[in-house]
Amino acid sequence: MIPIAKPSLGEQEAVAAANAVRSGWVTQGPMVQRFEEAIAEYCQTKYAVAVSNCTTALHLACLVLDLGPGDEVICPSMSFIATANSIRYTGATVVFADVDPRTYNLDPASVEAAITPRTKAIMVVHQIGLPADMDRFLELGEKHGIKIFEDAACAIGSRYKGTPIGGHSEMACFSLHPRKVITTGEGGLITTNNSAYAQHLRLLRQHGMSVPDLKRHQSRQVITEQYEVLGYNYRMTDIQAAIGLEQLKKLDTIVARRQELAAAYSDALKSHPWLTPPMIPDYAKSTFQSYAVQLSANAPVSRDQLMQQLLDEQVATRRGIMLSHLEAPYQSPTAAYHLPQSELASAQSLLLPLFASMTDQDLNQVLTTIGQLT
Ligand SMILES: *Cc1c(COP(=O)(O)O)cnc(C)c1O
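Here the structure is a predicted model, which is why all the values come from computation and not from measurement.

1. A short note on the overall build of the chain
On a plain count of helices and strands, the chain comes out with 12 helices and 16 strands. Over its C-alpha atoms the chain spans a radius of gyration of 21 Å, differing by no more than 12% from the 21 Å that the globule rule assigns to 374 residues. Oriented by its inertia axes, the alpha-carbon framework of the chain measures out at about 75 × 55 × 35 Å. Taken over 374 residues, the chain has a buried fraction of 55%. Averaging the positions of the 30 positive and the 36 negative side-chain charges in the chain gives two centres separated by 4 Å.

2. Regarding the site of the ligand
Close to the ligand lie 14 residues; C54, T55, D151, S175 and K180 are nearest. One of the side-chain nitrogen or oxygen atoms of S175 is found 2.7 Å away from an oxygen atom of the ligand. For the ligand, the accessible surface in isolation is 390 Å², of which the surrounding protein chains cover 91%. Breaking the shell around the ligand down by element, the ones donating at least two residues are α3 (54-64) and α4 (82-88).

3. Considering the sheet that holds strand β3 (residues 93-97)
Within a sheet, each strand pairs with its neighbour through backbone hydrogen bonds, oriented either parallel or antiparallel. Taken in spatial order, the seven strands line up as β1-β11-β10-β7-β6-β2-β3 in an open sheet, and their pairing is mixed. The open sheet terminates on both sides in strands that have one partner only, identified here as β1 (47-51) and β3. Mean inter-strand twist for the sheet, computed between neighbouring axes without regard to direction, equals 25°. Pairing analysis gives three bridges linking strand β2 (residues 72-76) to strand β6 (residues 119-125), with the strands arranged parallel.

4. Things to note about the pairing of strand β10 (residues 172-175)
Here β10 shows a buried face lined by A172 and F174 and a second buried face lined by C173 and S175. Bridging between strand β7 (residues 147-151) and β10 involves two bridges; their strand directions are parallel. By the bridge assignment for β10, D151 is matched with C173.

5. Remarks on the packing of helix α2 (residues 30-43) against helix α9 (residues 238-269)
A pair of packed helices can be characterised by two numbers: the angle between their axes and the separation between those axes. Remark: α2 packs on α9, axes separated minimally by 7 Å, with the N-to-C direction vectors making an angle of 25°. Judged on the interaxial angle alone, α9 and α2 are roughly parallel. When you trace α2 past α9, the crossing you get is left-handed. Seen from α2, the contacting residues are P30, M31, V32, R34, F35, A38, I39 and Y42; seen from α9, they are D238, A241, A242, G244, L245, L248, L251 and D252. Along the lines of polarity and charge, the residues of the contact of α2 with α9 split into 12 nonpolar, one polar and three charged.

6. A closer look at helix α10 (residues 303-312)
What α10 keeps buried is the set R303, L306, M307 and L310. Relative to the axis of α10, the buried residues are bounded by an arc of 100° and lie together on one face. Among the structural elements, β12 (275-276), β14 (291-295), β15 (318-319), α11 (340-348), β16 (349-352) and α12 (360-373) are those in contact with the buried residues of α10. Just downstream of α10, Q314 is the residue with a positive phi angle, here 70°.

7. What to know about the packing of helix α1 (residues 11-22) against α9
Between α1 and α9, whose axes approach to 8 Å, the crossing angle comes to 150°. Classified by the angle their axes make, α1 and α9 are roughly antiparallel. Considering how the two elements wind past one another, α1 and α9 form a crossing that is right-handed. Along the contact surface, α1 presents Q12, E13, A16, A17, A20 and V21, while α9 presents D238, I239, A242, I243, E246, Q247 and K250. Looking at the contact of α1 with α9, its residues break down into seven nonpolar, two polar and four charged.

8. Things to note about the state of the cysteines
This model, assessed by the stated rule, comprises zero disulfides. Counting only cysteine sulfurs, C173 is the nearest neighbor of C54, a cysteine outside any disulfide, at a range of 5.6 Å. Residue C173 is classed as buried on the basis of its relative accessible area, which comes to 0%.

9. Considering helix α7 (residues 195-205)
Y197, A198, L201, L203, L204 and R205 are the residues of α7 that are buried. Looking at the packing, one finds that the buried side of α7 touches α2, β1, α3, β7 and β11 (188-192). The N-cap residue of α7 is N194: its side-chain oxygen and the backbone nitrogen of A196 are 2.9 Å apart. Once α7 finishes, H207 follows within two positions and takes phi at roughly 65°, a positive value.

10. Some words on the packing of aromatic side chains
On inspection of all chains with the given rule, the structure shows six aromatic pairs. Each ring, one from F96 and one from Y330, has its centre 5.4 Å from the other, and the planes form 65°; the classification is edge-to-face. With F96 in strand β3 and Y330 in the loop between β15 and α11, this residue pair connects regions lying 234 residues apart in the sequence. Accessibility assignment for this pair places F96 and Y330 in one class, buried. A centroid spacing of 5.6 Å and a plane angle of 55° characterise the contact between F96 and Y337, whose relative ring orientation is tilted. Of this pair, F96 sits in strand β3 while Y337 sits in the loop between β15 and α11; the two residues are 241 residues apart in sequence, bridging distant segments of the chain. Taking relative accessible area as the criterion, F96 reaches 10% and is therefore assigned buried. Feature note: the residues F96, Y330 and Y337 constitute an aromatic cluster, connected by ring pairs.

Thresholds applied
- Residues numbered from 1 in each chain as written.
- Predicted model: local features only at pLDDT ≥ 70, side-chain atom pairs only at ≥ 80, totals over all residues.
- Heavy atoms only, no water.
- Helix = DSSP H or I, 4+ residues; strand = E, 2+ residues; numbered from the N terminus.
- Rg over C-alpha atoms; globule rule 2.2 N^0.38 Å.
- Buried < 20%, exposed > 50% of the residue type's maximum accessible area, 1.4 Å probe, protein only.
- Lys, Arg positive; Asp, Glu negative; His and termini not counted.
- Charge placed at Lys NZ, Arg CZ, Asp CG, Glu CD.
- Near = heavy atom within 4 Å.
- Polar contact = N/O pair within 3.5 Å; in protein donor to acceptor, adjacent residues only side chain to side chain.
- Areas by Shrake-Rupley, 256 points an atom, 1.4 Å probe, with all protein chains shown as cover.
- Pairing = 2+ DSSP bridges.
- Axes fitted to C-alpha atoms, helices over the stretch in contact; angles between N-to-C directions.
- Parallel < 35°, antiparallel > 145°, perpendicular 65-115°, else oblique.
- Left-handed = near helix turned anticlockwise from the far one by under 90°.
- Contact = heavy atoms within 4.5 Å.
- Nonpolar A, V, L, I, M, F, W, Y, C, P; charged D, E, K, R; others polar.
- Arc of directions from axis to C-beta.
- Disulfide = S-S within 2.5 Å.
- Phe/Tyr/Trp six-rings, centres within 6.5 Å; stacked < 30°, edge-to-face > 60°.

Laid out in structure tokens, this is it:
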């Protein structure tokens, strides 16, 4: 059976985690600080803040941008539901815009049409690792006085116009869940070039504590902390950070292999009669967190039939990217959504197996199986 994905953890990560436990640093400590420095260097940003997962990263980013009741925030419906949920946690209103079905990323024209006097921010998603056209959204932000920030959950290691994702907007939030390109079990990161944001994020992730516990433990003087704001426990542990440092060393190799596999898929499928490979614009270098193909209208089978046929032949696939607006939290008697491109692209697409340890033999088996079905 060829699985849809496999985490990239190895022995080095296990050793790093064991060492972190042995050193006695299990809560947020010196390894977290080292990991944050390494991520900031990799992403070419001034700051990185490590947290418990990407959903908490997005929630904190929304809070730092002062989003709340009465504010509207534009994001795609076609995304993992945490994108929209993180906005809702603040009491702000989620406004869904449509996507370009060729890239699965927000369509700038649909975003501009959704702007109202209440719009305070746009959360741009780099869907399954493919960078969105940031300059278009930054222009919109400037024109309308709106803050731009990024759900970069799948985009650690992606590049936009040659620069790593992380420093293009107010803040970018990354995920280190096992399904993503690199992992710490669970984990999240926020990168920014704004020192006030970084400070505020660090305050909020640890209960609003004026003096971080690491500083108190290291101090030769008695320090009493204050709790300055309503904070959260969104910390990353040292064990996770130790694993993250090992994973980061492998990131470029992992991304290179994923790009190689994706290129082989695209090359083999470019002349397929009814499957369309993803479009990769010139400005984007993707991590290929997932590899999505779309069935055209002339396909002899439905998407779900194709998925079942592939599963019968030992090839695991997943449906295309979900639509948040169809799920219960976004249903209401007054909710009216017009997202035709998202609905079409989601219904007609599926994700093929792709992971760094996938062999050429695995890839050929997937392609042969697809070939035999057509
Ligand atoms: C995975 C993912 C998230 C959530 O990340 P967690 O670390 O699991 O909280 C958010 N947004 C997108 C687009 C994702 O793919």
